[in-house]
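# Inside the fold
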Amino acid sequence: MSLKRLVIVFALLTPLLAQTVGSKNDPVTATSGESWLSHLRRTFNDSSMGKTWRSGPPAPMPGEESARQQQSLSPGFGGQPAALHGSDMYRLNCRGCHEEFGLGVPPEINSVIDPVRSTSAAIIMERMKKVGMDMKRADANELAKQTSVALLQRFHKGGQDMPPFPQLSEPEIRSLVAYLKQLAGVPGAEKQQVAVNESPAHVGEQIVKSTCHICHSGTGPNPTPQQLLDGAIPPLSTLTTRMSLNEFVRKVTAGAPVLMGTPPLPCRGRMPVFDYLSPDEAANTYLYLMLYPPQE
């Protein structure tokens, strides 16, 4: 199926599929504004991704073969909703910064494990017992309740260094929190796991707003190869014109060189490889950017 036809089918189905997530008051919306790094007044090289390169393997240079590049998109990937679990919600929204097991990249990015463990009254009482302090169940329940409220507020309002996640509906947040509890070893968390139906457009929206928008601003000029070498990051609005759908999928999931400098030469570039995203998920990201162009 051609890209043009995929976009048409995707556009026709998106209003219907988007209603499978949360409520009708949670529509898919365009990304807008400056990147989170720009908001924090930091450069990419000052970020954990820039310092550690721990978000994926190096991008293959021209001529190098990669099994990941050979993966193809599923037939009709842009026209079918997907049932995503909390582990998927974590991949799409959190893993880019907090990594696979929620440990973060200290000291800049905190671990989510200890805060999530503090939502369990049983774990709180166990901790108090280890330090020789007795705690009543009612007091532990109250502390766990307060921590749970603070955790939910963090998703809605963000924090000093963490952006808010307004794109997530209440069912999605509940699914995500349930997985965070399982990741943190909270007793009984495995019984709380639920799946949420997601439209392809909303999958792309989550990836863009939770991961891509950390580094890429919504709009702006398309940087030249020399500007890329000097540290410029292309805005989201130019990504679909800089590369085709297949090139975008390869860039996100396996990595690809980019022309930088004067004269332009293929270089590794600065963008991490998000090899934990499937080709379909990366493609949904591309189509979301086409159907919902970033705003000022």
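Cut-offs used in this document
Residues numbered from 1 in each chain as written. Predicted model: local features only at pLDDT ≥ 70, side-chain atom pairs only at ≥ 80, totals over all residues. Heavy atoms only, no water. Buried < 20%, exposed > 50% of the residue type's maximum accessible area, 1.4 Å probe, protein only. Helix = DSSP H or I, 4+ residues; strand = E, 2+ residues; numbered from the N terminus. Pairing = 2+ DSSP bridges. Salt bridge = Lys/Arg side-chain N within 4 Å of Asp/Glu carboxyl O. Contact = heavy atoms within 4.5 Å. Phe/Tyr/Trp six-rings, centres within 6.5 Å; stacked < 30°, edge-to-face > 60°. Lys, Arg positive; Asp, Glu negative; His and termini not counted. Expected span 1.5 Å × (residues − 1). Axes fitted to C-alpha atoms, helices over the stretch in contact; angles between N-to-C directions. Parallel < 35°, antiparallel > 145°, perpendicular 65-115°, else oblique. Left-handed = near helix turned anticlockwise from the far one by under 90°. Nonpolar A, V, L, I, M, F, W, Y, C, P; charged D, E, K, R; others polar. Core = buried A, V, L, I, M, F, W, Y, C linked by side-chain atoms within 4.5 Å.

### Some points on the pairing of strand β2 (residues 195-198)
- Judged by which residues are buried, β2 turns out to be one-sided: V196 and E198 face inward and are buried, whereas A195 and N197, on the alternate face, are not.
- Of the pairings in the sheet, the one linking strand β1 (residues 82-85) to β2 comprises four bridges and is antiparallel in character. In the strand pairing of β2, A83 is matched with N197.

### Examining the pattern of salt bridges
- Applying the stated criterion across every chain, the model contains 10 salt bridges.
- When the shortest N-O distance is used, the salt bridge between R41 and E34 registers 3.4 Å.

### Remarks on the environment of L151
- With respect to the element layout, L151 can be found in helix α8 (residues 137-157).
- We classify L151 as buried; its relative accessible area is 16%.
- The spacing of L151 and V112 is 39 residues in sequence and 9.7 Å in space, taken between C-alpha atoms.
- Excluding its chain neighbours within four sequence positions, the residues that come into contact with L151 are V116, T119 and V177.

### Focus: the packing of aromatic side chains
- Scanning the model with the defined rule gives five aromatic pairs in all.
- Seen from their ring centres, F274 and Y276 are 6.0 Å apart, and the 90° between their planes marks the pair as edge-to-face.
- Judged by relative accessible area, which is 9%, F274 ranks as buried.

### Observations regarding the side chain of E198
- Inspection of the secondary structure puts E198 in strand β2.
- One buried charged residue, E198, remains without a salt bridge, the closest side chain of opposite sign being R91 at 11 Å.

### Observations concerning helix α14 (residues 279-291)
- Here α14 spans 18 Å end to end across 13 residues, near enough to the 18 Å set by a 1.5 Å rise per residue.
- Judged by how many residues are buried, α14 sits mostly within the fold: 11 of 13 residues are covered.
- For α14, the full list of buried residues reads P279, D280, E281, A282, A283, N284, T285, Y286, L287, Y288 and L289.

### Re the packing of helix α7 (residues 121-130) against α8
- Following both chains from N to C, one finds α7 and α8 inclined at 120°, their axes separated by 8 Å at the closest point. Judged by the inter-axis angle, α7 sits oblique to α8. Two packed elements cross with a definite hand, and for α7 against α8 that hand is right-handed. Listed contacts from α8 to A121, A122, I124 and M125 of α7 are R137, A140, N141, L143 and A144.
- In the contact of α7 with α8, the residues fall into seven nonpolar, one polar and one charged.

### Comments concerning the nonpolar core
- In this structure, F155, L176, L180 and L277 are the most contacted members of the largest nonpolar core, which totals 52 residues.
- The element contributing the most residues to this core is helix α10 (residues 200-215), with seven residues.

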